[in-house]
Each structure stands twice: as structure tokens, then as C-alpha cells.
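Survey of secondary and tertiary structure
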Amino acid sequence: MNFNEFLNHLSNYEPGKDIEVIAKEYGISEVIKLASNENPFGVPPKAIESLKQNASKAYLYPDDSMIELKSKLAQKYKIKNENIIIGAGSDQIIEFAVHSKLNPQNAFLQTGVTFAMYEIYAKQRGAKCYKTSSITHDLKEFKTLYDKHKEEIKIIFLCLPNNPLGECLDADEVLEFIRDVDKDCLLVLDAAYNEFASFKDEKKHLEPYDLIKEFENVLFLGTFSKLYGLGGLRIGYGIANTQIINAFYKLRAPFNVSNLALKAAVAALDDEEFVKKTLKNNFSQMQLYYEFAKKHGIKTLQSYTNFITYFFDEKNSIDLSEKLLKKGIIIRNLKSYGLNAMRITIGTPYENEKFLTEMEKILKK
Ligand SMILES: *Cc1c(COP(=O)(O)O)cnc(C)c1O
């Protein structure tokens, strides 16, 4: 059978491996997953309570206006409900963005190594991809490429902080960059980990209110999958000018997120204690990973996220990942990004100790 020819240029997203699947395949009882940047403390207690209370409503379609969650987010960010769209993960909002702007005649711009879904969605539309030669975000290079291909480039993705490398631009340099971009070019600011970055350094903090007030062409993306511990429920959101939100609504299927996810997200936003505990654990535990890297001559970048990326010289990251897997530890090998590197989600103190102990043994061999 012949398919849309765009599919010939596409590869599948490589997801982090599943705990139960690995446990079965390797016959290991205890599997630790530090692969997908999920919250190591699991689901916020308040969200668990909400899920229990609302389980019996799973037979009902959700409230498609999503007013409860929208109002909660509107309150949090001091914006209006009409500036918000909720998606099955912020991934779905990326899809809306791409499908609303890109086609085979135009292009998008991103950094050398970043979240793989931007390119996957864009290729589904047959759009051209421009990437900076720098793997981390280099706005000078963004500007040069953008100025050169201004007519073509209709979306610029900035991942703040960047997955899978962890680096983060300062908010004021981002704003300065956006001021020079044409109003018909959509700027997608992916803030999946921005809470972690803001906690570490307030210069990295992005405020949706300020962004949409100044720019009609900015889309801010947030998710409940990382800090808020709801990856399995698939829920995220986009914040933008109403013109953008209304365009996305034309692409959205009704009931695109579940009623349980909507309720749990509201509860998660209220669970301040859980959020605080997560942020604190992340940055204190990350120090252990820096110390370990230093001791073993592993290269790192400064991380503003809930993960750290280890770059190797002689050792092979595929080989190391495979050895870790045999010990029941799942991390994310970055071979598919063309890097001899691995991304490790910062876990609980117990998980981190386990990882570092096993890794030390593996490196010594
Ligand atoms: C995890 C992630 C997302 C979105 O995840 P969802 O689970 O779809 O909300 C978006 N961007 C980046 C960079 C991510 O790492």
C-alpha cells in the first residue's frame, strides 16, 4: 500500500522503556526508571485523592469546556480562560501548532539537539527543518538562520530549558530575540521544565502573562507530566493570544482529555507541598550526579531541569545503557540524537544511590 509520501521521511519517536516490560524481559523484580523525566515521588497525594473520588465518573464524557482547569490555570497565571487550550499532553498542543502553520512550502527552526517531537510533527506536514549547528540554543545562530530564511520559517521552537541537554536561555534574551521576529512566525516556547529552571535561577523564569501581553505570536507550553507527576494521564496546556487559541480549537477533537485527568490536574496544582519537595530533592540530589561525573571524567552541562546528561568520550553510551538495563536501571540513551551520551532523570535518594553505585561498577570494568 502507498502512504502519504511525507511518511517516508519520518522515524518513530523512541520512548523511554516501560518498567513492567523490562522487569518481565530481564526477569528482575526491582526496576528503576530514570528515563522519561517523570516525577520520582509519583502522583501528588492530592491528585491521588481526586482520582479515587472521581473514578466512578469515568463512564461520563468530560466537560468539554474544561472550565475548572482553565479557571485554575487562569488564576495561577493571571490570564483569561480564553487564552488557554488543554491538550492530551503538551505534545498535542505542539501538534496543533505545527498543523496550523506548517506545510510543504514552508519551514521551521530549532536548535541542533532538542525535543524530537517538533521535527516529527513538522515532517508529517512535509515542512522543511532548519537546525542550528550548535546543539544547545545559540540565539545568534537562530537569528542568522532566521534572517536568511525569513520568508520560509513559520515556526521557531525554543525549549526552555532544553530536553535532552538541560541548558536554558535567560528569559530576557529570549524576549529580545522574539522582538526581531516577524509577527506571522509562531514562537513556541516549550516550558515543560521551566518550573525547575525558575527554582534554580529566576532569570530563566517565563511568565505567560508578560509573554502574551507583549507578543501576539508566542505560544507558551506547560505540562503536568514532569513536575506535577501526571505523565500517565496525558495532560498539558498551551497559553497564547486568542487568535492562536481559536485556530488550534479548529484542529482539536472534542473530549481530547479525560475527565479524570482534568480533575487530577486541578488537584495537582493545589499540592504545593508535593511540588516543593520535588524541586528541593531534584536540585540537592543533582549535586551527587555532578560529583560523580567529575570523579569519572564524564562531561556534563549545567542542567536547569529534572535530569542530567552525561557525555562520554571512550565509553559507548549504548553499551553502558545495556549494562545498566541488565541491572534493572532504565536511563535514556541519546544515540538517536546522534550523541554518545545518556540522559538520566534525577530520582529519589534511594534510586540515585542505586544508579550511581551500579554505574561506578560498570565504569570500572
Ligand atoms: C515531556 C515534554 C513535553 C510534553 O510532554 P507531555 O507529556 O506530552 O505533556 C514537551 N516538551 C518537552 C521538551 C518535554 O520534555
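Quick look at the structure, then. (Residues numbered from 1 in each chain as written. Predicted model: local features only at pLDDT ≥ 70, side-chain atom pairs only at ≥ 80, totals over all residues. Heavy atoms only, no water.)

**Regarding the overall build of the protein**
Across its full length, the protein holds 14 helices and 11 strands. For the C-alpha atoms alone, the extent of the protein along its principal axes is close to 55 × 55 × 50 Å. When each of the 365 residues of the protein is scored for burial, the buried share is 55%. Across the protein, contacts joining residues at least 24 apart in sequence account for 73% of those joining residues at least 6 apart. For the protein, the centre of its 49 positive side-chain charges and the centre of its 49 negative side-chain charges are spaced 3 Å apart. (Helix = DSSP H or I, 4+ residues; strand = E, 2+ residues; numbered from the N terminus. Buried < 20%, exposed > 50% of the residue type's maximum accessible area, 1.4 Å probe, protein only. Contact = heavy atoms within 4.5 Å. Lys, Arg positive; Asp, Glu negative; His and termini not counted. Charge placed at Lys NZ, Arg CZ, Asp CG, Glu CD.)

**Considerations on the site of the ligand**
With respect to spatial proximity, 13 residues lie near the ligand, and among them Asp190, Tyr193, Thr223, Ser225 and Lys226 are the closest. A distance of 2.5 Å separates an oxygen atom of the ligand from a polar side-chain atom of Thr223. A total of 390 Å² of accessible area belongs to the ligand in isolation, and the protein chains cover 95% of it. Taken together, the residues that form the shell around the ligand break down as four nonpolar, five polar and four charged. (Near = heavy atom within 4 Å. Polar contact = N/O pair within 3.5 Å; in protein donor to acceptor, adjacent residues only side chain to side chain. Areas by Shrake-Rupley, 256 points an atom, 1.4 Å probe, with all protein chains shown as cover. Nonpolar A, V, L, I, M, F, W, Y, C, P; charged D, E, K, R; others polar.)

**Side note on the pattern of salt bridges**
Inspection of every chain in the model, using the stated rule, returns 18 salt bridges. We note a salt bridge from Lys33 to Glu38, for which the minimum N-O separation is 2.9 Å. Of the residues examined, Lys33 reaches a relative accessible area of 18% and is grouped as buried. One salt-bridge network, held together by shared partners, links Lys101, Lys154 and Asp184. (Salt bridge = Lys/Arg side-chain N within 4 Å of Asp/Glu carboxyl O.)

**A closer look at a negative patch on the surface**
Where like charges cluster on the molecular surface, the negative patch consists of Asp172, Glu173, Glu176 and Asp180. Examined against the element boundaries, Asp180 turns out to sit in the loop between helix H7 (171-179) and strand E6 (186-190). (Patch = residues over 30% accessible without salt bridge, like charges linked within 9 Å, V, L, I, M, F, W, Y side chains within 5 Å.)

**As for the environment of Leu219**
In this fold, Leu219 is placed in strand E7 (residues 218-223). When its relative accessible area of 0% is taken as the criterion, Leu219 is described as buried. The residues contacting Leu219, other than those within four sequence positions of it, are Ile93, Ala97, Leu186, Leu187, Val188, Leu189, Gly238, Ile239, Ala240 and Phe248.

**Considerations on the side chain of Ser198**
Looking at where Ser198 falls in the secondary structure, it is placed in helix H8 (residues 194-200). Of note is the side chain of Ser198, whose polar atom sits 3.0 Å from the side chain of His205.

**Side note on unusual backbone geometry**
Here Leu160 and Pro161 are connected by a cis peptide whose omega angle stands at 0°. Considering the arrangement of structural elements, one finds Pro161 in the loop between strand E5 (153-159) and H7. Here the residue pair Asn163 and Pro164 is connected by a cis peptide bond, since its omega of 15° sits within 30 degrees of zero. On the secondary structure map, Pro164 appears in the loop between E5 and H7. Positive phi values are uncommon outside glycine, yet Asn37 reaches one of about 60°. Note that Asn37 resides in the loop between strand E1 (32-34) and helix H2 (45-54). A positive phi angle is found at Lys78, which is not glycine, with a value near 55°. Checked against the element boundaries, Lys78 lands in the loop between helix H3 (67-77) and strand E2 (84-87).

**Points about the packing of helix H13 (residues 317-326) against helix H14 (residues 349-364)**
Relative to each other, H13 and H14 sit at 125°, their axes nearing to 10 Å. One way to sum up the angle between H13 and H14 is to call them oblique. H13 and H14 meet at a crossing whose hand is right-handed. The residues of H14 that touch H13, namely those facing Leu320, Lys323 and Leu324, are Phe355, Glu358, Met359, Ile362 and Leu363. Grouping the constituent residues of the contact of H13 with H14 by class yields six nonpolar, no polar and two charged. (Axes fitted to C-alpha atoms, helices over the stretch in contact; angles between N-to-C directions. Parallel < 35°, antiparallel > 145°, perpendicular 65-115°, else oblique. Left-handed = near helix turned anticlockwise from the far one by under 90°.)

**Topic: the environment of Leu211**
If you trace the backbone, Leu211 turns up in helix H9 (residues 208-214). Residue Leu211 is classed as buried on the basis of its relative accessible area, which comes to 2%. Separated by 33 residues in sequence, Leu211 and Ile178 have C-alpha atoms that sit 9.9 Å apart. Discounting chain neighbours no more than four positions away, the residues touching Leu211 are Leu175, Leu189, Leu206, Val218 and Phe220.

**Structural notes on the sheet that holds strand E9 (residues 307-311)**
Note on sheets: strands pair through backbone hydrogen bonds, and any given pair is parallel or antiparallel. If you walk across this open sheet you meet the four strands as E1-E10-E11-E9, and the pairing is mixed. Either end of the sheet is taken by a strand with one partner, and the two such strands are E1 and E9. On average, each strand axis in the sheet is tilted by 30° relative to the strand beside it, whichever way the strands run. Pairing analysis gives five bridges linking E9 to strand E11 (residues 341-345), with the strands arranged antiparallel. Directly across from Ile308, in E11, lies its bridge partner Ile344. The sheet contacts of helix H12 (residues 272-295) involve E1, E9 and E11, and relative to E9 the element is tilted by about 5°. Running at roughly 160° to strand E10 (residues 329-333), H13 makes contact with E10 and E11 of the sheet. (Pairing = 2+ DSSP bridges.)

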